[in-house]
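Here is how the chains run, residue by residue.
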Amino acid sequence: MAARFVFLGPPGAGKGTQAVLVGEKLGIPAIATGAIFRAAISKESAMGREVAQFVNSGLLVPDKLTNAVVAERLKEKDCKKGFVLDGYPRSLVQAKALDVILSKAKTPVDVVLYFNVSADVVIDRMGKRRVCSQCGTTYNLVSQPPAHEGKCDKCGAALIKRVDDEPASIRKRLDVYQVTTKPLLDYYQKAGVLKIVDASAPVAVVTKEVSPICGVK
């Protein structure tokens, strides 16, 4: 039985961590847009080169191009049993595009999980966040520290603190996120697939809430 999930939530909500955990338990890929953008760029395809122009300039990749990259990724063999989309769709336009992509394959989304968390919790978490400068793996210095200080467990590259993880930047991003996400939540609520979890709790507690929703035993 296929399992198709969308995990939504503001930056620092912990959805990426939960996506990986669910993916590992169910044997399906956790797909984050950042990772598939990097993969597309590394392939040096026409689409990848187009993505690189935006990413390397620090610009948001347009909806149309993002949708095309996601559509290509969902065609890959490892998605036949399902997938966890981490942070996509980000807008109503993307949500409707995803519906079109999945309807063609007759594989609708089963559950959309929204990770609800306060701004104060996000700021605290992201202040402790470090990101691999090469592969993009995320760590938390308290709850999920690397095995070796300052180095990525996966590739050994240096860990960095992103400029946009400063409190003022975080609050601005959260304000923007709430405005763009409200229509998205309404859309999935009407579709009857939306579930909301309290993401302010520790990782293990959130996992216990997420697991039964996603069919993880």
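Refer to the preceding data block for the structure.
This write-up is about the structure you can find in this document.

So, how was this worked out
Residues numbered from 1 in each chain as written. Predicted model: local features only at pLDDT ≥ 70, side-chain atom pairs only at ≥ 80, totals over all residues. Heavy atoms only, no water. Helix = DSSP H or I, 4+ residues; strand = E, 2+ residues; numbered from the N terminus. Rg over C-alpha atoms; globule rule 2.2 N^0.38 Å. Buried < 20%, exposed > 50% of the residue type's maximum accessible area, 1.4 Å probe, protein only. Contact = heavy atoms within 4.5 Å. Pairing = 2+ DSSP bridges. Axes fitted to C-alpha atoms, helices over the stretch in contact; angles between N-to-C directions. Expected span 1.5 Å × (residues − 1). Bend = angle between axes of the 7 residues up to and from the residue. Salt bridge = Lys/Arg side-chain N within 4 Å of Asp/Glu carboxyl O. 1 Å grid on protein atoms, 1.4 Å probe; cavity = no way out; pocket = protein on both sides within 12 Å on 5 of 7 lines; lining within 4 Å. Points joined across faces, edges and corners; volume = space filled by probe spheres on them. Nonpolar A, V, L, I, M, F, W, Y, C, P; charged D, E, K, R; others polar.

### Digging into the overall build of the protein
- For the protein, the helix and strand inventory stands at eight helices and eight strands.
- Relative to its length of 217 residues, the protein is compact, with a C-alpha radius of gyration of 17 Å against a globular reference of 17 Å.
- Along the first, second and third principal axes, the C-alpha set of the protein runs to 45 × 40 × 35 Å.
- A buried classification covers 41% of the 217 residues belonging to the protein.
- Taking as baseline every contact in the protein between residues at least 6 positions apart, the subset at least 24 positions apart corresponds to 69%.

### A word on the sheet that holds strand β4 (residues 111–116)
- Strands sit in the order β2-β3-β1-β4-β8 across an open sheet of five strands; the sheet is parallel. The outermost strands of the open sheet, each flanked by one partner alone, are β2 (30–32) and β8 (194–198). Across the sheet, the mean angle from the axis of one strand to that of its neighbour is 25 degrees, orientation sign disregarded.
- Two elements, strand β1 (residues 3–8) and strand β3 (residues 82–86), share five bridges in a ladder whose sense is parallel. Bridge assignment links A3 to a residue of β3, and that residue is G82.
- The sheet contacts of helix α1 (residues 15–26) involve β1, β2, β3 and β4, and relative to β1 the element is tilted by about 170 degrees.
- Across the sheet, helix α8 (residues 203–213) touches β1, β4 and β8, and the angle it forms with β8 is around 160 degrees.

### Considering helix α7 (residues 167–191)
- End to end, α7 covers 35 Å across 25 residues, agreeing with the expected 36 Å (1.5 Å per residue, within 8%).
- Of all the bends found along α7, the most pronounced is centred on T181 and spans about 35 degrees, while P183, a proline, follows it within four residues.
- All of the buried residues along α7 are I170, L174, Y177, T181, L184, L185 and Y188.
- Residues of α7 that are buried in the fold lie against β1, α5 (92–104), β4, α6 (119–127) and β8.
- G192 occupies a position one or two residues after α7 and carries a positive phi of about 80 degrees.

### Quick word on the pattern of salt bridges
- Under the defined criterion, the tally for this structure stands at eleven salt bridges.
- We note a salt bridge from K75 to E72, for which the minimum N-O separation is 3.1 Å.
- Measuring nitrogen to oxygen at the nearest pair gives 3.2 Å for the salt bridge that ties D120 to R171. Note that D120 is positioned in helix α6 and R171 in helix α7, a separation of 51 residues in sequence.
- One connected set of salt bridges, linked through shared partners, spans K43, R73, E76 and D78.

### Comments concerning the layout of surface pockets
- Its volume calculated, the second largest pocket comes out at about 240 Å³.
- Lining the second largest pocket we find 15 residues, and of these L74, K75, L102, A105 and T107 sit closest to its centre.
- Secondary-structure elements contributing two or more residues to the lining of the second largest pocket are α4 (63–74), β3 and α5.
- Of the residues that constitute the lining of the second largest pocket, the class distribution is eight nonpolar, two polar and five charged.

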